[in-house]
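The chain contents come next:
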Amino acid sequence: MKFKLIATAITLLLTTGACSQNVVKTNELKPNKPKSLETESFEAKPYEEVVLNDNIFTQSALNQLGDVLDIKYRLITNYPDGCSTSGVDGRCFSAQIDLTSPLDIQSKDWAIYFSQMRPVKSVNSEEFSITRVKGDLHKIEPTGAFKGLSKGITKTIDFRGELWQLSETDAMPNYYLVSGELMPVVIKSTQITIDVETGMELRPYNLAFTDAGTQYKRSDTDKVQWATPEVLFLANQGVESQPETAVNTIIPTPLSVEVTSTDRPISLAQGIQLHLNSVDVGVITAALERLARIGVGQSENGVEVSFEKVASEQASGSYRLNIAKDNIKISAGDDAGFSYALASLTSLIDTKKLSVNTMSIQDAPRYGFRGMHIDVSRNFHSKQLILDMLDQMAAYKLNKLHLHMADDEGWRLEIDGLPELTDIGSKRCHDLTETSCLLPQLGSGPSADTAVNGYYSKSDYIEILKYASARQIQVIPSMDMPGHSRAAIKSMEARYNKFMALGKEQAAKEYLLVDFDDKTVYSSIQYYDDNTLNVCMESTFHFVTKVIDEIAKMHNEAGQPLSIYHIGADETAGAWLESPICKAFLAENNQGVQSSEKLGAYFVERVSNILSEKGIEPAGWSDGMSHTRFENMPEQSQSNVWDVISHGGYKRAHQQVNLGWDAILGMPEMLYFDFPYEADPKEHGYYWASRNTNERKLYGFMPDNLPANAEQWTDIQGQAFEADDTEQLDENGQRVSGPIKKGMGFGGIQGQIWSETLRSDPVVEYMTFPRLLILAEKAWHKAEWEVPYRHEGTVYNQDSGFFTQEMRARQLAQWSIIANTLGHKELSKLDRAGIEYRIPTVGAHIHEGKLFTNLIYPGLDIEYRLAGGLWQAYQSPVAIEGQVEVRAVGADGKRKGRTLVVK
């Protein structure tokens, strides 16, 4: 009897001329915590009549409205009249939200809360207002001029937002209804659905882009092309299916490989037999498990694999692997070397044949730091995702996990003695007072009981650390400060209020992070005005020290001592200006800080030295680190460089290398894996530095010569740029930028996953794989075609000619081998590990009535379908008539890639 009684009650309540006495369930009291309403249905139960005023919602009525209200989001144009068409200042887009109800609604006693990535600037509607609550949370309310929603009639809210929208995933899900003290209700039409073929998220409430000119251009000078099948077909040229090139190929590429025989491959179908020779089997257990997963287990009848520990002056992880006709020998100087040798053996194996050729391999890594960053703070991601990620990192010889666990939208790690951090800071829900949770953001909806909320318990984190250690991976915890700290701030405010209510003022103030009398008005890049720690308060440093100490204890318990801690180092421009505490601090000048502009640097310097005194290397993002005074920083410091090359980002990278810091490259235009693979508005991810970061582009990255990438890349708008790496002086003759000094170099590279738009574990895997394999390739192996760095300083552009035609040809040839290895060998291993990697979209072209197709990496099957027909396997150019659709199929033949229409 679901919904029948409710439908009767809601009709009486919401239609024009509803009677003055209405009914509601007597058990509809406001709950302490809203339950998840995203999927559950409800039963109409007997109830007593209660007198209500006209047009006041009952819980049943609000529930029903959430079920039936249809919402559509529509981007109109990124070039509305009255806004600038170029640059950033004055830019806006116009969009619409449609409301359609199958019921007549006259009540004004309701509001709709929703997340809007770009803030609403103005609303063109007499009947509705839109206000921004905090961050990306907005509220739609009926105005005094509201004339009601008539059954089946659509009302449209026109509005303008800041900057532009270039992706269909910009429209966040889980709009929800609120009315008075009732339990908020998710509007079902705004919920995400799952594509049954691809397993990826769909947003049925968001109308598809149809006009590349008005909807997929960032400005009037934007040259980026929508990645249609025709565009992809041209981009994929030069790479043919050559499965034989994958046979002896390892990802990442070893230092040297000598194949000694190809006519009689060694079969591993009977498994392997270990001769450890005093090597601890525990250090290779994870690598052995990966071998077993593809069909090569341990057996008394297997091929002998012997291990020998040798003294080595090579970098950690170096090894020798000799595959002979009747045995395999591995020698290495450390645990990582033995593990990586087995990883290389696994990479050689074709899962269908389980055989390898005889060869001799000598190998050593390019960089000591080969990292992957995962953000679990914006949207939480499961422990299992992290464990699976660690396993794949080890499979491809990555050795650093940068785990980002605290930001504005969430605190994700249990800290002894500060339960509020996870009781409140780990979840978002509709509590406008934020005494039980943080405000909803990023389309999280009104309930705390959803997958985007959560945290790692101490035991969870210790398990992660032990799992990482078994795979020779160091975990680098990151809790962002002093900006991006809203979750911590609100949690410690709740702690303050709790202890003040108990009359314990000293305890209340012990870890307080804000000056309640601070009237400074500022805005972070995510539009928060309350997300920055007050760096003038000693309680802030008590908090930071407490967190560091508790995390260090967990690392010690796990047997992986904390040796690098990432403080973020982000600051918010304009913070602290009107803080009485900061004004008093500056007046005392007891730390040598003379102006509020230096307070951010003071915080980074002080926390860095706190860490250094504990034997922990401080790390931070390059912008925050660049504000510090070198003489005040520990000699051993790490800077994660995330500056855009086309915007001069190589200059800061070079500056921080020249300081002697461990500079780790994370350039967004190729190392941010939350950016789209291809320039298509249906692709997931943010896009502020790139709209097309596919595997081929990533393979072309030249990390040791950042400015030289100007010869092969374009900027965010598809335009050529110039990179001037010559020495630049200021008006006083002081060097402000220039080339890397001889003897200096980068410490490594790191891929980044930020999770603002990545709500689920499968989407994180989709965005990470197979790009992670190419990240490993760049981190481990220096390709011979890369342009050597010129320490004398050089200007690079697309006509400078240092990246010669010969180098380009060698790059294409090497990419072709890597691409074939991905498609013909490696993706099937990801399938066996349960990794939901991205299946590429198909390049296609119709010529003289025949369909031609290709893929960025050959080896996967392609299917096509004529209008109204069934999917057919594509084997070779085929004659077609009318509209045709194309898609690729995963290596296991099960999952499908996204369908494209060939026009």
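Above: the structure in question.
Values in this document were obtained by computation on a predicted structure and should not be read as measured data. (Residues numbered from 1 in each chain as written. Predicted model: local features only at pLDDT ≥ 70, side-chain atom pairs only at ≥ 80, totals over all residues. Heavy atoms only, no water.)

Chemist: Help me out: how do you make sense of the overall build of the protein chain in this one?
Modeler: Within the protein chain, the regular secondary structure consists of 21 helices and 37 strands. The C-alpha atoms of the protein chain give 29 Å as radius of gyration, which agrees with the globular expectation for 903 residues (29 Å, within 12%). Seen through its principal axes, the protein chain has C-alpha atoms that stretch 90 × 80 × 60 Å. Each of the 903 residues in the protein chain was classed as buried or not, and the buried ones make up 59%. In the protein chain, the share of contacts with a sequence separation of at least 24, taken over all contacts with a separation of at least 6, comes to 74%. Distance from the positive charge centre (88 side chains) to the negative charge centre (119 side chains) of the protein chain: 2 Å. (Helix = DSSP H or I, 4+ residues; strand = E, 2+ residues; numbered from the N terminus. Rg over C-alpha atoms; globule rule 2.2 N^0.38 Å. Buried < 20%, exposed > 50% of the residue type's maximum accessible area, 1.4 Å probe, protein only. Contact = heavy atoms within 4.5 Å. Lys, Arg positive; Asp, Glu negative; His and termini not counted. Charge placed at Lys NZ, Arg CZ, Asp CG, Glu CD.)

Chemist: Please clarify how the packing of aromatic side chains should be interpreted in this entry.
Modeler: To describe a pair of aromatic rings, one takes the distance between the centres and the angle between the planes. Enumeration over the complete set of coordinates arrives at 31 aromatic pairs. Seen from their ring centres, Trp621 and Trp754 are 5.6 Å apart, and the 50° between their planes marks the pair as tilted. Here Trp621 is found in strand E23 (residues 617–621), whereas its partner Trp754 is found in the loop between strand E29 (748–753) and helix H19 (761–768), with 133 residues between them in sequence. Each member of the pair, Trp621 together with Trp754, is buried. Plain terms: the ring middles of Trp785 and Phe803 are 6.4 Å apart, the flat faces sit at 50° to each other, and that makes the pair tilted. Residue Trp785 is located in the loop between helix H20 (771–780) and strand E30 (795–796), and its partner Phe803 is located in the loop between E30 and helix H21 (805–832); the two are separated by 18 residues in the primary sequence. Neither residue differs from the other here; Trp785 and Phe803 are each classed as buried. Ring pairing ties together the aromatic residues Trp621, Trp642, Tyr672, Phe675, Trp688 and Trp754, which thus form one cluster. (Phe/Tyr/Trp six-rings, centres within 6.5 Å; stacked < 30°, edge-to-face > 60°.)

Chemist: Is there a simple way to explain the state of the cysteines in this structure?
Modeler: Applying the stated criterion across every chain yields a total of 3 disulfides. In this model, Cys429 is linked to Cys437 through a disulfide, with the two sulfur atoms separated by 1.9 Å. Taking the sign of the S-S torsion, -85° for the link of Cys429 and Cys437, the bridge is left-handed. A relative accessible area of 4% means that Cys429 is categorised as buried. What connects to what in the protein chain, once the bonded cysteines are numbered by sequence position, is 1-2, 3-4, 5-6. (Disulfide = S-S within 2.5 Å.)

Chemist: Even after reading the chapter, I still don't get the nonpolar core, so can you show me in this structure?
Modeler: Ranked by internal contacts, the top residues of the largest apolar core, which has 152 residues, are Trp411 and Phe543. Looking at which element gives the most residues to this core, the answer is helix H12 (residues 538–558), with 9 residues. Core analysis: the next-biggest nonpolar cluster, separate from the first, contains 48 residues, Ile105, Ile140, Phe146 and Phe209 among them. (Core = buried A, V, L, I, M, F, W, Y, C linked by side-chain atoms within 4.5 Å.)

Chemist: Looking at this structure, I do not really get empty space enclosed by the protein. What am I missing?
Modeler: To find the voids left in a structure, one rolls a probe of water-molecule size over its atoms. Counting across every chain of the model gives 6 cavities of 30 Å³ or more. Of the volumes computed, that of the largest cavity is approximately 140 Å³. Lining the largest cavity are 13 residues, and of these Arg290, Thr346, Ala395, Tyr396 and Lys829 lie nearest its centre. Broken down by secondary-structure element, the contributors of at least two residues to the lining of the largest cavity are helix H5 (285–293), helix H6 (335–348), helix H7 (383–395) and H21. Broken down by element, the residue count for the lining of the largest cavity peaks at 3 residues, all from H6. For the lining of the largest cavity, the residue count by class is 6 nonpolar, 3 polar and 4 charged. (1 Å grid on protein atoms, 1.4 Å probe; cavity = no way out; pocket = protein on both sides within 12 Å on 5 of 7 lines; lining within 4 Å. Points joined across faces, edges and corners; volume = space filled by probe spheres on them. Nonpolar A, V, L, I, M, F, W, Y, C, P; charged D, E, K, R; others polar.)

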